[in-house]
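# Structure at a glance
So you can see what is in the structure, the chains are spelled out below.
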Amino acid sequence: MASAALELMGFFLGLLGMLGTLVATVLPYWQISAHIGSNIVTAVANMRGLWMECVYQSTGAFQCETYNSMLALPSDLQASRALMVISLVLSVLAVAVAVPGMQCTICMDGTGAVKSRVAGAGGGLFLAAGFLALIPVAWTTHEVVETFYQPALPASMKFEIGECLYVGLASALISMLGGGLLCVSCCDEQDGGRGRRHGGGYPYPIGGGMAGTGLRTTSQTYRNPTLQAGSRGQTMLRSTSGSSQLSTHGVQGAKKPTAAGYDITGYV
């Protein structure tokens, strides 16, 4: 039951991380123009993302322009694009792999430990997806902070950390957490199944072996304590006539039934 709960929690956390990574990849709020120094006019705000650059005006106009050439982009932006797309692909594969391996589904029933290993593989994909999404987010954050504190750079060319960087960081961590929970639930399920397989059986007493064979035979009769107590109660009879002779004959005439039992014979 605990491993099933961990699987569900890890799966939904990984799914939430995938949705957050998708939002961070598509939206252009990676870098937002900083309104500092002489650039204190907030009528226009510039925003940069992985795929486009947008301008927002105080009148409500919102204009975006996609990057015309992919090869003309800086190498770090191209790498960020590739890593985020690969992270999304891995997240989709993780969902497709983890669903058949979860205990709450009927897929792959009767396969034993293979089902839990499939769920663990999905958790590993979630871990990889979160790690790949964390790299471009951390690198872009480092560049924005480093550029912001350059004194020689004009204030109009400085940018601040955008909302997509926060969303991407949180989504990467959530994806890694969900993948870790899936992997842990897979290990717990395998350990529990091993204990159930080897922990079963009844501790038979050690007996002699059968001649001519390599088997040892153990046998012991287990009596029902309830029937034994009832048989002892039947021997204690009371005579209503007050005659000790009749009471003696009644006790001697009372038959003590044999306590019911059953014989257990095992071969070791």
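What you are looking at is a predicted structure, and each value in this text was computed from that prediction instead of being measured. (Residues numbered from 1 in each chain as written. Predicted model: local features only at pLDDT ≥ 70, side-chain atom pairs only at ≥ 80, totals over all residues. Heavy atoms only, no water.)

We now examine the overall build of the protein chain. Across its full length, the protein chain carries six helices and seven strands. Taken from N to C terminus, the helices and strands of the protein chain fall in the order α-β-β-β-β-α-α-β-α-β-α-α-β. When burial is assessed residue by residue, the protein chain has 28% of its 268 residues classed as buried. For the protein chain, the accessible surface area stands at approximately 16300 Å², while carbon and sulfur atoms represent 65% of it. (Helix = DSSP H or I, 4+ residues; strand = E, 2+ residues; numbered from the N terminus. Buried < 20%, exposed > 50% of the residue type's maximum accessible area, 1.4 Å probe, protein only. Areas by Shrake-Rupley, 256 points an atom, 1.4 Å probe, with all protein chains shown as cover.)

Quick look at the pairing of strand β4 (residues 62-66) now. As judged from the five bridges shared by strand β3 (residues 52-57) and β4, these two strands associate in the antiparallel manner. Pairing of Tyr-56 across the sheet is with Phe-62, part of β4. Count of turn residues in the β3/β4 antiparallel hairpin: four residues, of which Gly-60 carries a positive phi of about 105°. (Pairing = 2+ DSSP bridges.)

The next subject is the state of the cysteines. For the structure on display, the rule yields one disulfide. Bridging Cys-54 to Cys-64, the disulfide has an S-S length of 2.0 Å. On the sign convention where negative means left-handed, the S-S torsion of about 110° between Cys-54 and Cys-64 marks this disulfide as right-handed. Remark: Cys-64 occurs in strand β4 and Cys-54 occurs in strand β3; sequence separation between them is 10 residues. With a relative accessible area of 40%, Cys-64 lands in the partly exposed category. (Disulfide = S-S within 2.5 Å.)

Pairing within the open sheet is antiparallel, and its five strands lie in the order β4-β3-β2-β1-β5. The open sheet is flanked by β4 and β5 (159-161), the only strands paired with a single partner. Direction aside, the axes of adjacent strands within the sheet are offset by 25° on average. The pairing of strand β1 (residues 31-33) with strand β2 (residues 44-48) spans two bridges and is classified as antiparallel. Bridge pairing links Ile-32 to Met-47 in β2. Its contacts with the sheet place helix α3 (residues 113-148) against β1 and β5, and it is angled at close to 140° to β5. (Axes fitted to C-alpha atoms, helices over the stretch in contact; angles between N-to-C directions. Contact = heavy atoms within 4.5 Å.)

Our focus in this paragraph is the pattern of salt bridges. In the structure shown here, the tally under the stated rule is one salt bridge. For Arg-48, the salt bridge is made with Glu-53, and the minimal N-O distance between the two is 3.7 Å. Given a relative accessible area of 34%, Arg-48 falls into the partly exposed group. (Salt bridge = Lys/Arg side-chain N within 4 Å of Asp/Glu carboxyl O.)

Let us look at the UniProt feature "transmembrane region" (unreviewed entry) in the protein chain. Here, the residues flagged by UniProt with the feature "transmembrane region" (unreviewed entry) are residues 12-30, 82-106, 118-139 and 165-187. For residues 12-30, the helix share is 79%, the strand share is 0%, and the end-to-end C-alpha distance is 26 Å. Between the first and last C-alpha atoms of residues 165-187 the distance is 33 Å; the span itself is 100% helix and 0% strand. (UniProt positions renumbered as here; feature names shortened; annotations may be inferred.)

Remark: helix α2 (residues 75-101) packs on α3, axes separated minimally by 8 Å, with the N-to-C direction vectors making an angle of 160°. As far as their axial angle goes, α3 and α2 are roughly antiparallel. Crossing hand, α2 versus α3: left-handed. A class-by-class count of the residues in the contact of α2 with α3 yields 22 nonpolar, seven polar and three charged. (Parallel < 35°, antiparallel > 145°, perpendicular 65-115°, else oblique. Left-handed = near helix turned anticlockwise from the far one by under 90°. Nonpolar A, V, L, I, M, F, W, Y, C, P; charged D, E, K, R; others polar.)

Here we come to the packing of aromatic side chains. Following the criterion strictly, the structure yields three aromatic pairs and no others. Aromatic pair Phe-11 and Phe-12: ring centres 5.7 Å apart, planes at 70°, arrangement edge-to-face. Among the residues examined, Phe-11 registers a relative accessible area of 10% and is labelled buried. The class for Phe-12 is exposed, based on a relative accessible area of 53%. An angle of 55° between the planes, with centres 6.2 Å apart, marks the rings of Tyr-56 and Phe-62 as tilted. Among the residues examined, Tyr-56 registers a relative accessible area of 38% and is labelled partly exposed. Looking at Lys-158, its charged tip hangs above the ring of Phe-148, at a distance of 5.8 Å from the centre. (Phe/Tyr/Trp six-rings, centres within 6.5 Å; stacked < 30°, edge-to-face > 60°. Lys NZ or Arg CZ within 6 Å of the ring centre and 35° of its normal.)

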